[in-house]
Amino acid sequence: MHESLRRLAPVLLLPAPAAALAGGEGIPDPAAGWDRLWDEMLVDITLIGVVFAAVTAWFMWRFRRRHPDEEGCPPRLGTGAAVGWAVVPAFVFMADDFFLAAKGWELWQQYRTVPEGALEVRLDSAMWSWTYTYPNGAVTVNELRVPAGRPVLLRMTSRDVVHSHFIPDFRVKEDSMPGRITYLWFYPKRPGEHVVACAEYCGLLHSRMAGKVIVMEPEAFAAWYRAAGRRADAAARDEGEV
Amino acid sequence: MGAALRSWLFTTDHKRVGILYLIGSLAAFAIAGIMAMLMRIELTAIGPDLTDNPQQYNVWLYFHGAAMILGFQIPALTGFLANYCVPLMIGARDVAFPRLNALSVWLFWAGILLALATFVIPDPPDVMWTGYPPYATRTWGNTAFYSFTVLLLGFSSILGGVNFLTTVFYMRAPGMGWNKLNIFVWSIVVAFIIQLIFVPVLGTAVTMLLFDKYLGTTFFDPANGGDVLIYQNLFWFYSHPAVYVILLPFLGITYEIVATFARNRVFNYKMVVYGGFGGVLLLAGEVWVHHLYTAGLPDWLRVGQMVTTLLISVPVGLLMIGLVGTLYRGSIEYRTPMLYALGVIFFFLIGGLTGIPNAIASLDLHLQDTYFIPGHFHYVMAVAGTFAIFGAVYYLFPKMTGRMYHESTGKLGFWLTFIGMNLVFMPMMMAGIEGMPRRYYDYAQFPQVEGLQQLMTFGAFVILAGSLVTLWNWVQGALRGAPAPANPWGSRSLEWTAAPSPPPPGNFPQPPRLGPEWSPYAYGERA
Ligand code: HEM
Ligand SMILES: [Cu+2]
Ligand SMILES: [Cu+2]
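Residues numbered from 1 in each chain as written. Chains lettered and ligands numbered in written order. Predicted model: local features only at pLDDT ≥ 70, side-chain atom pairs only at ≥ 80, totals over all residues. Heavy atoms only, no water.

## Points about the packing of helix H3 (residues 30-62) of chain A against helix H11 (residues 313-325) of chain B
When two helices pack together, their arrangement is given by the angle between the helix axes and by the axis-to-axis distance.
Thinking step 1. It is at 10 Å that the axes of H3 of chain A and H11 of chain B come closest, and there the two elements cross at 20 degrees. Between H3 of chain A and H11 of chain B, the angle is such that the two are roughly parallel. Crossing angle aside, the handedness with which H3 of chain A passes H11 of chain B is left-handed. Contacts between H3 of chain A and H11 of chain B involve Phe52, Val55, Thr56 and Phe59 of chain A from the first element and Gly317, Met320, Ile321 and Val324 of chain B from the second.
Thinking step 2. Residue composition of the contact of H3 of chain A with H11 of chain B, grouped by class: six nonpolar, two polar and no charged. (Axes fitted to C-alpha atoms, helices over the stretch in contact; angles between N-to-C directions. Helix = DSSP H or I, 4+ residues; strand = E, 2+ residues; numbered from the N terminus. Parallel < 35°, antiparallel > 145°, perpendicular 65-115°, else oblique. Left-handed = near helix turned anticlockwise from the far one by under 90°. Contact = heavy atoms within 4.5 Å. Nonpolar A, V, L, I, M, F, W, Y, C, P; charged D, E, K, R; others polar.)

Spelled out as structure tokens, the structure:
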């Protein structure tokens, strides 16, 4: 399984088109989509919340008890009104549900559809570190170096227990676990550093299982990548000679 | 003394069994609450505060989660409240199988004691209340204690289910049709149907875990043909419905309190029962995948259950409309139990609405397993449920003890806990949006949440103060409160109108007789 991944990787990498490196027109950015949908959702739930709370507060004030032996005088609902009070709100809620589900699904498609030309890196998680293996054999630990302007695809598995590779700045995580291969992708656009955290409980040092995504200028990344690849080759040769 | 103790321990009276459940579950709440305080102190500043051993934190968290859910809320709602209220509300002398009832409370106590052993055994469990393998099968921690606690409490709950369903089906007072049941009785019926269907699944999951860890099977070991996700699916196939086992009874008792203190008919009864409870029952088993949105399951399953999860807002929305509608044209008196009931509405509203972003699978890719999740579920379940239980203890206080609690002390305790809860769990959600993952002993990578963490710790102390005031009020009231009349609230429901406070064994001096116009909510006839 791991071997086939390795063989597949260069195939995905070779056509890594200049276009993708140049700036990636037309590639959606799920993190930006997340922020937009979050805002819309926040408006939606705030509206519902405020209406409910306002009605409740009004009832609480309006119908407070004025004399000790006062009782309520509830309306008697006829069959029509009773059914109406169940069916109409049910449809209103359902409409909102389907609206949100449609939006959520649209964004979901972006999250799960890996754009062409992504840099594919393999991730092995283990208690308590992240090991990244690049197509040219370069290996890093707890440090994912990537070029700005090109989507990055992580193919993930775990050597021991379940972990979850979480990059809060890119609004994405996915579990890595033994015996299965999962993936996530994200779109780093500008150079900078981003926290990586483990989001699935994995024992003693779960909270210390931290890493970094280091987004580099494409030229700087290319230089680092060649050098790291040569080092990996040399290391592999050394091992072969032993 | 010895005889009195024996008469309690070997009791088969449903009211005493209920009170035994209450004492046990409040003890679990207290100890799990102490664990919460320890965690909160540890998290106050970045770096070690109370202990420099993360393992210690993990054990506290394990105990807090497991004990709060399995030892406090489920037993307080389906043990204490069901036992105390159901026979009285339906006009029965006791439950159908009183000795089985005694057995289930003993099993519950055994489960609590087993859970407490966590603090004395050398390698306490550290698997969180979810117990995911392969961690749970690889850890040095004693996973067997986790499995056996779950099995004991689950077994106790199955016995309770058999007992209460039989009781409600066969022992209602003559003339009490299904559409005249108290809402709380309905909520218990539905909750126990859910328990009977789903508890065996949890039992299976934790038993397989036990086999993997101690007997060398490989159900969850991919290196030997197993699969790690089977456990997660089985676990949530039970544990999502389990939140409804908590939700329905706590909403049910909130309905009772609101109807009584608003002296009002429950708004659109059939909508509440069939639309609300029925809808939840229908959807309970089709939404578990929302706990596994980031677990690499097939897309169709994740997206499909995003839709079913969002649809839960329909029955839950109807339940909210019923609750708020019961205030409409009522006559509302603000006694302590009513404040708690309104608190439930408040917390449940916030908790329910913040569940929507979790339900949307794509938004959840960021939120899953961050502090947003404990923030949300404390609001919707932990805090709302606790307020319902506290409100219920106040509500039933005169009935159980024959004495009144102190009103303004009760209100003081309410306001302290109400403010404290918001100070803890609102910042918790905000820290989650910032990206801080849950179950973290330390958060050096997230310095931006330190201020929020300090606010949370402060809030936790406010809650502690409120809880102590409440506890003190209960003890004082039980020992030397003013004698309570049979029906201090002017309720129409049988437990208040037909039985003295406290009710004797057998409950009713005369078997209750219900006219055709009788209803537990027959208010407003002489308005
Ligand atoms: C009364 C005040 C309470 C406070 C201050 C409190 C605080 C906390 C804290 C700090 C965490 C740990 C967050 C983390 O490290 O991930 C937590 C987790 C949790 N709490 Fe509470 N809590 C309270 C009440 C409750 C109640 C009443 C319940 C009842 C259901 C409850 C159920 C849980 C559960 C299930 C977890 C998650 C455990 C896990 O991650 O496995 N809590 N709480
Ligand atoms: Cu971890
Ligand atoms: Cu769930």
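Having seen it, we continue.
## Things to note about the coordination of the iron atom of ligand 1
Residue and element names in this part refer to chain B.
Thinking step 1. The coordination sphere of the iron atom of ligand 1, as far as protein atoms go, consists of His64 (NE2) and His378 (NE2), spread over 2.0 Å.
Thinking step 2. For the iron atom of ligand 1, the six donor atoms in the first shell make angles of 86 to 178 degrees at the metal, so the coordination geometry reads as octahedral. A residue pair is termed long-range when its members are at least 10 positions apart, and His64 in helix H3 (residues 54-90) and His378 in helix H15 (residues 372-401) qualify at 314 residues. Like His64, the residue His378 is buried in the burial classification. (Donors = N, O, S within 2.8 Å, 3.2 Å for Na, K, Ca; no water. Tetrahedral: all angles 85-135°; square planar, octahedral: opposite > 155°, others 65-115°. Buried < 20%, exposed > 50% of the residue type's maximum accessible area, 1.4 Å probe, protein only.)

## Regarding the coordination of the copper ion (ligand 3)
Residues and elements named next belong to chain B.
Thinking step 1. Taken together, His240 (ND1), His290 (NE2) and His291 (NE2) make up the protein donors of the copper ion (ligand 3), found 1.6 to 2.1 Å from the metal.
Thinking step 2. Taken in chain order, the donor set of the copper ion (ligand 3) reads H-x49-H-H.
Thinking step 3. On the basis of relative accessibility, which here comes to 13%, the residue His290 falls in the buried class.
Thinking step 4. Residue classification places His291 among the partly exposed positions, given a relative accessible area of 23%.

## Describing the packing of aromatic side chains
Thinking step 1. Within this structure, the stated rule accounts for 57 aromatic pairs over all chains.
Thinking step 2. Seen in terms of ring centroids, Phe219 of chain B and Phe220 of chain B are 6.4 Å apart; in terms of plane orientation they differ by 55 degrees. Their pairing is tilted.
Thinking step 3. Since its relative accessible area comes to 35%, Phe219 of chain B is described here as partly exposed.
Thinking step 4. In this structure Phe220 of chain B comes out as buried when scored by relative accessible area, which is 2%.
Thinking step 5. A centroid spacing of 4.8 Å and a plane angle of 70 degrees characterise the contact between Tyr394 of chain B and Tyr405 of chain B, whose relative ring orientation is edge-to-face. A residue pair is termed long-range when its members are at least 10 positions apart, and Tyr394 of chain B in helix H15 and Tyr405 of chain B in the loop between H15 and helix H16 (407-433) qualify at 11 residues.
Thinking step 6. With a relative accessible area of 0%, Tyr394 of chain B lands in the buried category.
Thinking step 7. In this structure, Arg112 of chain A is placed above the aromatic ring of Tyr183 of chain A, and the distance from its NZ or CZ to the ring centre is 4.0 Å. (Phe/Tyr/Trp six-rings, centres within 6.5 Å; stacked < 30°, edge-to-face > 60°. Lys NZ or Arg CZ within 6 Å of the ring centre and 35° of its normal.)

## What about the site of ligand 1?
Residues and elements named next belong to chain B.
Thinking step 1. In the vicinity of ligand 1 lie 23 residues, with Tyr57, His64, His378, Arg438 and Arg439 positioned nearest.
Thinking step 2. Within the side chain of Tyr57, one N or O atom sits 2.6 Å away from an oxygen atom of ligand 1.
Thinking step 3. A distance of 2.9 Å separates an oxygen atom of ligand 1 from a polar side-chain atom of Arg438.
Thinking step 4. Among the elements of the structure, helix H2 (14-43), H3, H15 and H16 are those that each provide at least two residues to the shell around ligand 1.
Thinking step 5. Tallying contributions element by element places H3 first for the shell around ligand 1, with seven residues. (Near = heavy atom within 4 Å. Polar contact = N/O pair within 3.5 Å; in protein donor to acceptor, adjacent residues only side chain to side chain.)

## With respect to the interface of chain A and chain B
Thinking step 1. Chain A puts 74 residues into the contact, and the matching count from chain B is 86 residues.
Thinking step 2. When chain A packs against chain B, close to 7100 Å² is buried across both sides, 66% of that on carbon and sulfur atoms.
Thinking step 3. For the salt bridge of Arg208 of chain A with Asp442 of chain B, the shortest nitrogen-to-oxygen distance reads 3.2 Å.
Thinking step 4. Summed over the shared surface of chain A and chain B, the result is 29 residue pairs in polar contact (both at pLDDT 80 or more).
Thinking step 5. Taken together, the elements giving at least two residues each to the side of chain A that touches chain B come down to H3, helix H4 (79-112), strand S7 (172-176) and strand S9 (192-198) of chain A.
Thinking step 6. For the side of chain A that touches chain B, the element with the most residues is H4 of chain A, which contributes 17 residues.
Thinking step 7. The class makeup of the residues in the side of chain A that touches chain B is 49 nonpolar, nine polar and 16 charged. (Buried area = accessible area lost by both parts, 1.4 Å probe. Salt bridge = Lys/Arg side-chain N within 4 Å of Asp/Glu carboxyl O.)

## Remarks on the sheet that holds strand S6 (residues 163-167) of chain A
In a beta sheet, neighbouring strands pair by backbone hydrogen bonds and run either parallel or antiparallel.
Residue and element names in this part refer to chain A.
Thinking step 1. Taken in spatial order, the five strands line up as S4-S10-S9-S6-S7 in an open sheet, and their pairing is mixed. Every other strand in the sheet has two partners, leaving strand S4 (143-147) and S7 as the edge strands with one partner each. Pairwise comparison of adjacent strand axes, ignoring direction, gives a mean angle of 20 degrees for this sheet.
Thinking step 2. Pairing analysis gives two bridges linking S6 to S9, with the strands arranged antiparallel. Opposite His165, over in S9, you have Cys198 as the bridge partner. (Pairing = 2+ DSSP bridges.)

## A short note on helix H12 (residues 336-353) of chain B
Thinking step 1. Along its 18 residues, H12 of chain B runs 26 Å from first to last C-alpha, staying within 8% of the 26 Å computed at 1.5 Å per residue.
Thinking step 2. Within H12 of chain B, 16 of the 18 residues are buried, which leaves the element mostly enclosed by the surrounding structure. (Expected span 1.5 Å × (residues − 1).)

## Concerning the environment of Pro503 of chain B
All names here are of chain B.
Thinking step 1. One can find Pro503 in the segment after helix H18 (494-497).
Thinking step 2. When the C-alpha atoms of Pro503 and Leu88 are compared, they prove to be 8.9 Å apart, with 415 residues separating the residues in sequence.
Thinking step 3. Leaving out residues up to four positions away in the same chain, Pro503 has contacts with Lys15, Tyr84, Leu88 and Lys399.

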